[in-house]
Amino acid sequence: MTDSGNVRRIGIMGGTFDPIHNGHLVCAEEARMQFELDEVVFVPSGNPWQKTGVSPAEDRYLLTMLATASNSNFSVSRIEIDREGPTYTVDTLRAFRTFYGEKADLFFITGTDAVAEILSWKDPQAALDEAHFIAASRPSYSLSDAHADLFRGRVSVIEIPALAISSTDIRRRVAEGRTVRYLMPREVREFIEQRGLYRSQT
Ligand code: NAP
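Our subject in this report is the structure included herewith. Everything numeric here is computed off the predicted structure, so don't read it as measured data. (Residues numbered from 1 in each chain as written. Predicted model: local features only at pLDDT ≥ 70, side-chain atom pairs only at ≥ 80, totals over all residues. Heavy atoms only, no water.)

**Comments concerning the nonpolar core**
Counting 36 residues, the largest nonpolar core has M13, I20, V40, F42, L63, I109 and I192 as its most contacted members. At the level of secondary structure, the elements contributing two or more residues to this core comprise α1 (22-34), β2 (39-44), α2 (57-68), β3 (74-76), β4 (104-111), β5 (132-137), α8 (167-175) and α9 (186-195). Excluding residues that lie within four positions of it along the chain, M13 makes contacts with H24, C27, A28, V40, V41, F42, V43 and I109. Formed by 24 residues, the second largest nonpolar core is a distinct cluster that contains V43, V90, W121 and F133. (Core = buried A, V, L, I, M, F, W, Y, C linked by side-chain atoms within 4.5 Å. Buried < 20%, exposed > 50% of the residue type's maximum accessible area, 1.4 Å probe, protein only. Helix = DSSP H or I, 4+ residues; strand = E, 2+ residues; numbered from the N terminus. Contact = heavy atoms within 4.5 Å.)

Right under this line is the structure:
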């Protein structure tokens, strides 16, 4: 008799989440269902070193907490917020592996555009070895064949129509005083208003 039934399937939802929106939530839930994940842990990037003008990490962490609180299958990790220095996904995946041991299958969920840039990340090969990657794409967008050999068997693409919503569009809307209602949970919208986030475009 094997104990393979005890292997947990952990989704790790990586993103800057500046801000988190309903597209991210639909994506995490869809990945959970399609890949039969036991849970999805959202991991807001602490110091996304390839970006400038990102909102404070604690704000993005709180927004992510507010957005996910009502789903018992979702949780939020501070691992990248609390780790000093540039945020590297490979470090996060190794930490998850250490925490869960061999009795877990890890699935790293993020946007297709981000996965397409993986060769610019730290130790991309090692990152792909640590977890199966789930690349979420907007409708009619697919991963180019540029890295087909590297990605074969290691990256799955899922199409998420709700990803027509984007953080960039939301930031622009807030700066222009346009509505962001229904694009994100009410609690997230209220926190953005209270904190005055995104009022000036960066
Ligand atoms: P990004 O370049 O801002 O995002 C690329 C695209 O993917 C955007 O359209 C974005 O939409 C979407 N996206 C991002 N996260 C998503 C998610 N979890 N689910 C669905 N769509 C998502 O990417 P990023 O947010 O900075 O980084 C994504 C992940 O890659 C993070 O975990 C980050 O730490 C990791 N990363 C690692 C390295 C490294 O290890 N060296 C380098 C770069 C990125 P929205 O703008 O609407 O979110």
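**Details of α9**
Every buried residue of α9 is accounted for by V188, R189, F191 and I192. Relative to the axis of α9, the buried residues are bounded by an arc of 160° and lie together on one face. Contact partners of the buried residues in α9: α2 and α8. Two residues or fewer after α9 comes G196, characterised by a positive phi angle close to 65°. (Arc of directions from axis to C-beta.)

**Looking at the packing of aromatic side chains**
On inspection of all chains with the given rule, the structure shows 9 aromatic pairs. Pairing F96 with Y100 gives two aromatic rings, centres 6.2 Å apart and planes at 15°, and the pair type is stacked. Remark: Y100 and F96 occur in helix α4 (residues 89-100); sequence separation between them is 4 residues, near one turn of the helix. In terms of burial, F96 and Y100 fall into one category: buried. Taken together, the ring pairs in this structure connect F17, F42 and F74 into an aromatic cluster. For R78, the ring lying beneath its charged end belongs to Y61, and the centroid distance is 4.7 Å. (Phe/Tyr/Trp six-rings, centres within 6.5 Å; stacked < 30°, edge-to-face > 60°. Lys NZ or Arg CZ within 6 Å of the ring centre and 35° of its normal.)

**Observations regarding the site of the ligand**
Near the ligand there are 27 residues, and of these H21, H24, K51, T89 and R138 occur at the shortest range. Take G15: an N or O atom from its main chain is 3.3 Å from an oxygen atom of the ligand. K51 places a polar side-chain atom, nitrogen or oxygen, 2.4 Å from an oxygen atom of the ligand. Notes on the ligand: free accessible area 860 Å², of which the protein chains cover 88%. In a pocket analysis with a 2 Å cut-off to the grid points, the ligand is assigned to the largest pocket. Those elements that provide at least two residues to the shell around the ligand are β1 (8-15), α1, β4 and α5 (112-116). When residues of the shell around the ligand are assigned to their parent elements, the largest contribution, 4 residues, is made by β4. Along the lines of polarity and charge, the residues of the shell around the ligand split into 10 nonpolar, 13 polar and 4 charged. (Near = heavy atom within 4 Å. Polar contact = N/O pair within 3.5 Å; in protein donor to acceptor, adjacent residues only side chain to side chain. Areas by Shrake-Rupley, 256 points an atom, 1.4 Å probe, with all protein chains shown as cover. 1 Å grid on protein atoms, 1.4 Å probe; cavity = no way out; pocket = protein on both sides within 12 Å on 5 of 7 lines; lining within 4 Å. Sits in = over half its atoms within 2 Å of the grid points. Nonpolar A, V, L, I, M, F, W, Y, C, P; charged D, E, K, R; others polar.)

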